[in-house]
Structures are given as C-alpha cells and as structure tokens.
Amino acid sequence: MFSTLPGLFESVPCPRKHDHSNCPFSHTKDTLHCFQPIAVPSDPPPKRPFELVTPSPSPSEPPPQRIKTSSTPKPLPLPSHTQSSTSAPILRINAAQSQVALPVRQVMLKSLYDHFVVLYENLLSANPTLASEHALRQEEQVYKNATKLTYRNAVINSIASLKKRPIPTSISHPSVGTDDDIAARAEARNKLDALVLTRPLLTHLLMTTDTMKQWGYITEIPNGEGGSEPHAVDRITKCERCGQSYMVTNTPTQNECSYHWGKPFNKTINGEKLRIYSCCSKTTSEDGCSRGFHVFYESDPKDLHLRHPFSFTRRQKSREGDDSTDTAFDVVALDCEMIYTTGGMHVARVSVVDGAGTEIFDQLVRLDDGVEVVDYNTRFSGITRDQHQHASLTLPLIRQSLDLFINSETIIIGHALENDLKTLRMIHHQCVDTAILFPHRAGPPYRRSLKALAKEHIGIAIQTGDGSTGHSSVEDSVATLDLVRWHILNKPKAKTTTSDS
C-alpha cells in the first residue's frame with residue numbers, strides 16, 4: 001500500500017525477525033537481524049537516603065519476616081458532639097441509633113443553645129463554653145426522658161423554663177445549670193433545710209479543751225484587771241497592715257499607710273517561685289496597692305483583757321418551776337463583724353441563728369466611751385459610717401442580750417470561731433468550728449476560707465460583695481450552720497474534730 005521510502009529508518013533494526021519482504025521501512029543489511037531486546041541492568045537500584053539495607057539470607061536460613069513499618073490507623077469513634085465557644089454545638093451520633101431524626105435534634109439543640117447564650121450573657125466572657133456545654137446536656141436529658149412523639153414539646157417546655165429564670169450574676173447562681181442540675185440542688189437544699197441541728201447530732205463534733213487551746217481559743221480568764229485600758233492612745237504600736245511602728249491617736253492621718261488588702265500566695269512565673277498578693281498580683285517586695293490608716297490588732301489574751309474584760313457564758317438555769325425555765329437554745333450559729341478602733345479590733349455587729357437557720361439576733365455594737373473608730377474596714381465588715389451611727393447597745397449590753405439565747409451548755413457553731421469569741425470577750429467550751437471540721441490539706445495552722453467551703457460543699461456563693469458592701473454576718477452564720485448540716489448528712493459519724501486537728 002505504501003511505497004518504500006528510501007533511507008527512512010535505514011539505521012533502525014527491523015522489528016520483524018524472519019520475513020522482511022513486506023516491511024515498509026528500508027533497512028541496510030547490517031540492521032536486518034540486529035534487533036535485540038533492551039537489556040535490564042542486573043545491579044539493584046541505588047538506595048534512597050535513610051533506607052535500611054537488609055542482607056540477603058543464606059540458603060540454609062529461613063527468609064526474614066517482613067516487618068510492617070506503616071499501617072492505616074484504626075478509625076476512632078466520633079464524639080457524640082462537638083462544641084465551640086462562639087457557635088452552636090453539633091451532635092455527632094449515629095443517626096440509626098436515634099429515635100428522633102438527627103436534623104430535628106440538631107435544630108432543637110441550636111434553639112436551646114441560643115437561649116442559654118441569652119441567659120448567661122454575664123458569664124460567657126469568663127466561661128465561653130458554658131452555654132454550649134449546658135445546651136448539650138439539656139438536650140441529652142430531654143431526649144432520654146422523652147419519646148419520639150413527645151420530644152419536640154419537651155424541648156419547647158425546657159426553653160420556656162429557661163426564659164423564666166433570672167439572669168445569673170455568678171457561676172454559682174441558682175439559675176446556672178440544666179433542669180436536672182437545678183432539681184438536684186433543690187433536693188439537696190431541702191435536705192439541709194429539713195435537718196434541725198440538736199445536741200445529740202453534734203456531740204461527737206465538739207472540740208476538746210486541748211484542741212481549742214491548739215487553735216487559739218481562750219479557755220480561762222486571763223490574769224490582770226479587765227477593762228483598765230480601753231484604748232491605746234498615745235502609745236507606739238506596730239501597724240498590722242504595713243508593719244511600720246506608729247503612735248495611736250484619736251485623729252489619725254488619712255493615706256499614711258501603704259498596704260495590700262489581699263493575702264500572699266505562692267506562684268511560679270517563668271520557673272521562678274514568687275509570693276504574689278491576691279489583691280493586685282504584685283510581689284511581696286513591691287509597694288502596697290492601697291492606702292489608708294495605720295491600724296493595729298492584738299491577739300495576746302492579757303492585752304485583750306485590758307481593753308475589755310473576758311467572762312464565761314452564764315450557767316444553765318435550774319428547770320424547777322416555770323419561772324426559772326431557761327430560754328437558751330441547744331444549738332446556735334454565730335458570726336461577728338469587726339472594725340479598727342483606737343482600742344484595736346472591736347466588734348461592730350453580732351448575728352445569731354438557731355439550729356434551724358432562723359435569725360434570732362442581729363445587732364450593731366456601739367463602742368465603749370473613749371474609744372474612737374479608725375477604719376470601718378467596709379471591704380470585709382460590710383459596715384459603713386452611716387450604718388454604725390445607729391448602734392445603741394454597748395458590748396456589755398450585747399452580752400446580756402446574748403444570755404437570753406446562749407448559756408454554758410449551748411453548742412455554738414462558727415467559722416474560726418475563736419476570733420468571734422475573743423471580740424465578744426466570751427469564754428465558751430461547747431464549740432463546733434467549721435474551719436477545723438473541714439481541715440486544710442496542708443494541716444494546721446492553715447485553714448480553708450468559709451467562702452471556698454460554702455461554694456464547694458453546699459454550692460452557694462457568699463461574701464460576693466465588692467469593696468463597698470463587704471460581708472454579712474447573718475449570711476456567714478447561716479453558711480456555717482449549713483456546712484455542719486452537710487457534714488452530718490455526708491460524712492461518717494466516726495470522724496471528729498479532735499482527730500482532724
């Protein structure tokens with residue numbers, strides 16, 4: 001069909017091995033029978049970098065076992081959900097295992113999330129995943145308690161209950177949590193409220209005299225004439241805040257003291273262990289973050305006795321006859337608020353609740369004659385100048401009023417109770433102290449704060465006021481009572497304060 005093309009491919013070997021007559025290419029005689037297959041090199045290809053060379057086995061040895069150096073990882077189970085701090089969570093579940101269509105559940109979850117975001121508007125900056133976490137848990141709880149037909153209405157009812165909740169201001173607010181969380185807290189709260197503390201319930205928690213002495217309680221009246229020096233005016237003493245020596249006067253100088261109102265704690269920064277103040281994050285070697293008056297605090301029993309005399313709580317009255325019936329309670333919880341004066345730390349408010357948590361006494365205390373206020377310490381005491389001007393009862397009259405509720409057999413509950421008894425100049429031996437009942441993990445003399453214990457064990461936030469509101473002695477006394485209730489309901493009876501300390 002094609003004519004022979006002269007000279008074309010004449011230097012190329014003919015691919016035909018036997019019959020060359022019909023080959024369309026022209027070949028020379030030298031290239032007709034020189035077709036050879038391409039030679040394959042016998043040497044192995046060069047090894048790649050970092051490739052291991054395996055020696056060939058000898059005929060007498062079995063072939064080496066091949067080692068599997070790489071494998072496809074096993075698929076991990078998908079989480080049941082994914083969440084983000086800024087968007088709605090996504091369900092990651094097997095659609096075949098859900099009684100409700102997965103798209104329907106996802107829409108309901110998104111709606112729950114949107115309403116939790118509105119509810120937690122004041123909390124999300126510090127807890128960005130809170131709305132996502134609670135929306136997921138709420139949807140799961142609704143799904144478990146509902147059927148395919150009732151699921152949608154159950155979610156709608158849950159959203160309606162979210163709309164009725166008050167906006168929380170802290171993470172421990174009663175509005176924070178799922179419906180089950182709130183129901184569980186309400187049940188626990190009801191158990192606490194239903195428990196009325198009585199002497200038989202608390203006998204095993206009473207401190208021994210040795211334990212009281214170990215923790216700084218005054219168990220006997222100090223020697224000396226009580227109340228002979230109600231103030232320390234014109235005396236040089238040491239400032240409790242800054243540590244400087246100064247002279248006590250009735251007209252102290254404003255802003256003469258530079259101090260830190262917070263407590264120092266250990267913190268490691270860049271591998272270096274430092275002591276940092278909780279109020280401003282400054283180290284203990286830096287200047288104070290606050291300025292105020294120089295103040296002093298006395299702890300020696302003799303000095304306290306000189307300012308105002310100590311006395312025992314009254315004895316229990318005889319039960320013979322109606323006229324001599326004792327009005328004292330078996331159990332009370334007590335807390336005091338103190339202010340700084342020219343006579344040192346002085347009680348300014350006393351609050352007492354009974355064994356059921358009912359307030360039975362709450363009074364401000366007027367200072368003794370000749371004693372002047374230096375600092376109301378409002379950040380902690382919660383007492384202002386305007387409030388304290390309405391105080392009418394002096395400490396002796398306060399003690400007489402307390403005799404109506406407390407005798408020598410009354411069990412007094414408090415937190416760091418020795419400080420309250422000292423400022424009241426009261427010597428009492430029937431005491432339950434929550435600072436010792438819930439010991440610090442580092443042991444004495446360290447103590448856990450009432451605020452931390454209340455949040456951990458009974459789920460309430462106390463002492464949340466800023467520098468203008470401070471603490472409430474009524475709130476603190478109820479918190480100590482609830483902590484003892486919780487201890488009785490949740491702790492073994494054999495554990496006593498003596499063994500803890």
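To keep things clear, this report deals only with the structure shown in the data block. Owing to the predicted nature of the structure, the values given are computational and were not obtained by experimental measurement.

1. Observations regarding the environment of Pro 222
Part 1 of the argument: Inspection of the secondary structure puts Pro 222 in the loop between α6 (209–214) and β3 (236–238).
Part 2 of the argument: Residue classification places Pro 222 among the buried residues on the basis of a relative accessible area of 12%.
Part 3 of the argument: Those residues in contact with Pro 222, other than ones at most four positions away along the chain, are Pro 301, Lys 302, His 305 and Phe 310.

2. Points about helix α14 (residues 473–490)
Part 1 of the argument: Over its 18 residues, α14 runs 26 Å from end to end, which matches the ideal 26 Å to within 8%, given 1.5 Å per residue.
Part 2 of the argument: In terms of burial, α14 is a largely internal element, 13 of the 18 residues being buried.

3. Quick word on the nonpolar core
Part 1 of the argument: Grouped together as the largest cluster of nonpolar side chains are 30 residues, with contacts concentrated most on Tyr 217, Leu 334, Val 350, Leu 402 and Leu 424.
Part 2 of the argument: Counting residues per element, the ones that place at least two in this core are β10 (331–341), β11 (344–354), β12 (359–366), α10 (395–402) and α11 (417–423).
Part 3 of the argument: In terms of residue count, the dominant contributor to this core is β10 (five residues).
Part 4 of the argument: Excluding its chain neighbours within four sequence positions, the residues that come into contact with Val 350 are Asp 335, Cys 336, Phe 361, Asp 362, Gln 363, Val 365, Ile 398, Leu 402 and Leu 424.
Part 5 of the argument: Within the second largest apolar cluster, 24 residues are counted, among which are Leu 195, Leu 450, Ile 458 and Trp 486.

4. Observations regarding the pairing of β12
Part 1 of the argument: Relative to β12, β11 runs antiparallel, the two sharing five bridges. Bridge pairing links Ser 351 to Asp 362 in β12.
Part 2 of the argument: Hairpin geometry of β11 and β12 is characterised by an intervening segment of four residues between the two adjacent antiparallel strands and by a positive phi of about 90° at Gly 357.
Part 3 of the argument: Sheet analysis places β12 next to strand β14 (residues 393–394), joined by two bridges and oriented parallel. When the sheet's bridge partners are listed, Arg 366 is paired in β14 with Thr 394.

About the cut-offs
- Residues numbered from 1 in each chain as written.
- Predicted model: local features only at pLDDT ≥ 70, side-chain atom pairs only at ≥ 80, totals over all residues.
- Heavy atoms only, no water.
- Helix = DSSP H or I, 4+ residues; strand = E, 2+ residues; numbered from the N terminus.
- Buried < 20%, exposed > 50% of the residue type's maximum accessible area, 1.4 Å probe, protein only.
- Contact = heavy atoms within 4.5 Å.
- Expected span 1.5 Å × (residues − 1).
- Core = buried A, V, L, I, M, F, W, Y, C linked by side-chain atoms within 4.5 Å.
- Pairing = 2+ DSSP bridges.

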